[in-house]
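The residues making up each chain are set out below.
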Amino acid sequence: MKPFKFEQATTAVQASQTHADAAPNARFISGGTDILGEIKESVLEVNILVSLAGLSGASEIISSDLGLEIGALVTLARIASDQSIVETYPALAQAAESVATPQIRNVGTLGGNLCQRPRCWYYRSPLFDCLKKGGETCFASDEGNKYHAILGAENCHIVHPSDVAVALLALDATVVVSNASGDRQMPIGDFFVSPDVNMLAENVLEPGEFVSKVKIPKPSSGTRSVYLKAKERQAYDFALSSVAVSLEVRDETITQAHVVLGGVAPVPYSVPQVDSELTGQKIREVDVQAIGQLAVKDAQPLSDNSYKVRLTASMVARAVSRLISE
Ligand SMILES: Cc1cc2nc3c(=O)[nH]c(=O)nc-3n(C[C@H](O)[C@H](O)[C@H](O)COP(=O)(O)OP(=O)(O)OC[C@H]3O[C@@H](n4cnc5c(N)ncnc54)[C@H](O)[C@@H]3O)c2cc1C
Ligand code: SF4
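Residues numbered from 1 in each chain as written. Chains lettered and ligands numbered in written order. Predicted model: local features only at pLDDT ≥ 70, side-chain atom pairs only at ≥ 80, totals over all residues. Heavy atoms only, no water.

(A) Focus on the packing of helix α5 (residues 90-97) against helix α8 (residues 163-170). In contact at an axis separation of 8 Å, α5 and α8 are set at 175° when each is read in the N-to-C sense. As the angle between them shows, α5 and α8 are arranged roughly antiparallel. Contacts from Ala91, Leu92, Ala95 and Ala96 in α5 reach Asp163, Val164, Ala167 and Leu168 in α8. (Axes fitted to C-alpha atoms, helices over the stretch in contact; angles between N-to-C directions. Helix = DSSP H or I, 4+ residues; strand = E, 2+ residues; numbered from the N terminus. Parallel < 35°, antiparallel > 145°, perpendicular 65-115°, else oblique. Contact = heavy atoms within 4.5 Å.)

Written out as structure tokens, the structure is:
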């Protein structure tokens, strides 16, 4: 392993400037559960790690009438167990609870979970210099693509690994990004970018920028949400397919819907055709099987992952079914 420096930042400006000055060979570190693996496995070389762990105010969960603010350093374990999140934003608590193991959830942070790198086994092996590492080919295009994308992928077929991101998109969250001159914020759907937009990164962060918090608007009283995840191994695993659904129901009619798929596309994947189809329907009249099929109508499976099409259709049907019977 190549030696690198470690800097413990105490202010956002210091963190940002140190990172920007050493770009592109600097990385932020929060809990370290993802980035240290990348370095140890020789997938990544850095000159400096800038720790965000000492930043004040980034470990708070603030719940108000306007909604929720979660600092980027809040651990996944806290998100899974925080009473205000469990009661008002259940899809988020369920997504956080579904991540990895208790040990990883106790250390892994919200910011790190959103910014973790892909799990494609070719990307994670130092032996394969694929498109995502600046190489010239995607080794998953023709074989070894059981866990890869069925939607929204052209040249690189990664799936976004974060469970939490899928729930946050369904809940219309906003990501707050800090840099040396202040903050900027964006809907979480605009934070993630597919490899077709930027092959080398999965989000819009510029050198010196980091996620400082996530904001979620307070849902109306008729809103329900759920996160379901299918895994190959039940002890702990990344999603083969997952779905987050948020429905607003008034007088037995769906007045707003947001369905988001995980584990099947390079970014958390909204399916607006499903949202439109659900909106305006009486909850007792929803054909959940048809809704599941609609969610995967654009799927383009690879050689080894057509099972994900059926699986995802059934996950969507189950999630919608669960919410309309609540
Ligand atoms: C065995 C195992 C199983 C896992 N299973 C799952 C799973 O089922 N579902 C799932 O969602 N995840 C899973 N993960 C991933 C895990 O959730 C992440 O490793 C963790 O959330 C990352 O958080 P961290 O604070 O440790 O990030 P770090 O390792 O510190 O950082 C991760 C990445 O994000 C960047 N970063 C960190 N914080 C910030 C910030 N605030 N702003 C900008 N960039 C930042 C770092 O530079 C790095 O590239 C698994 C990981 C392991 C090791
Ligand atoms: S899917 Fe992406 S990360 Fe995986 S081998 Fe292909 S280019 Fe590399």
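(B) The arrangement of the confidence of the model for the protein in detail. For the protein, the average pLDDT comes to 97, and 100% of its residues sit at 70 or higher. Predicted confidence in the protein is weakest over helix α2 (residues 35-40), with a mean pLDDT of 96, and strongest over α8, with 99. (pLDDT = per-residue confidence, 0-100.)

(C) View of the side chain of aspartate 163. Along the polypeptide, aspartate 163 turns up in helix α8. A residue is classified by how much of its surface remains accessible, and aspartate 163, at 4% relative accessible area, is buried. One polar contact links aspartate 163 to tyrosine 227, side chain to side chain, over a distance of 2.5 Å. Beyond its immediate chain neighbours, meaning those up to four positions away, aspartate 163 contacts Ala95, Ser98, Val99, Asn113, Tyr227, Lys229 and Ala239. (Buried < 20%, exposed > 50% of the residue type's maximum accessible area, 1.4 Å probe, protein only. Polar contact = N/O pair within 3.5 Å; in protein donor to acceptor, adjacent residues only side chain to side chain.)

(D) Empty space enclosed by the protein, seen in detail. This model, assessed by the stated rule, comprises one cavity of 30 Å³ or more. In this model, the largest cavity occupies a volume close to 90 Å³. Around the largest cavity sit 13 residues that line it, and Cys120, Cys130, Cys138, Cys156 and His157 are the ones nearest its centre. (1 Å grid on protein atoms, 1.4 Å probe; cavity = no way out; pocket = protein on both sides within 12 Å on 5 of 7 lines; lining within 4 Å. Points joined across faces, edges and corners; volume = space filled by probe spheres on them.)

(E) Geometry of the nonpolar core. Core analysis: the biggest nonpolar cluster contains 41 residues, and Ile70, Ile85, Leu92, Leu114, Val164, Leu168 and Ile216 have the highest contact counts within it. When contributions to this core are tallied by element, the ones reaching two or more residues are β5 (67-71), α3 (76-81), α5, α7 (110-115), α8, β6 (174-179), α9 (188-191) and β8 (210-217). When residues of this core are assigned to their parent elements, the largest contribution, seven residues, is made by α8. The residues contacting leucine 114, other than those within four sequence positions of it, are His160, Ser162, Val164, Ala165, Leu168, Ile188, Phe191, Phe192 and Val214. Counting residues in hydrophobic clusters, the runner-up holds 33 residues, among them Leu151, Ala257, Ala299 and Ala313. (Core = buried A, V, L, I, M, F, W, Y, C linked by side-chain atoms within 4.5 Å.)

(F) Looking closely at the environment of glycine 54. Following the sequence through the fold, glycine 54 ends up in the loop between β3 (48-51) and β4 (61-63). Setting aside residues no more than four positions away along its own chain, glycine 54 makes contact with Gln8, Ala9 and Thr10.

(G) Structural context of α8. Within α8, eight of the eight residues are buried, which leaves it mostly tucked inside the rest of the structure. The backbone nitrogen of valine 164 lies 3.3 Å from a side-chain oxygen of the residue at the head of α8, namely serine 162.

(H) Representation of the layout of surface pockets in the model. In this structure, the second largest pocket encloses a volume near 230 Å³. For the lining of the second largest pocket, the elements supplying multiple residues, two or more each, are β8, β10 (241-250) and β11 (253-262). Counting residues per element, the lining of the second largest pocket draws most heavily on β11, at three residues.

(I) Representation of the packing of helix α11 (residues 288-295) against helix α12 (residues 307-324) within the structure. As a packed pair, α11 and α12 sit with axes 7 Å apart at the nearest point and diverge in direction by 135°. Our classification of the angle between α11 and α12 gives oblique. Note on packing geometry: the crossing formed by α11 with α12 is right-handed. Judged by residue contacts, Val288, Gln289, Ile291, Gly292, Gln293 and Ala295 of α11 engage Ala313, Val316, Ala317, Val320, Ser321 and Ile324 from α12. Grouping the amino acids of the contact of α11 with α12 by side-chain chemistry returns eight nonpolar, four polar and no charged. (Left-handed = near helix turned anticlockwise from the far one by under 90°. Nonpolar A, V, L, I, M, F, W, Y, C, P; charged D, E, K, R; others polar.)

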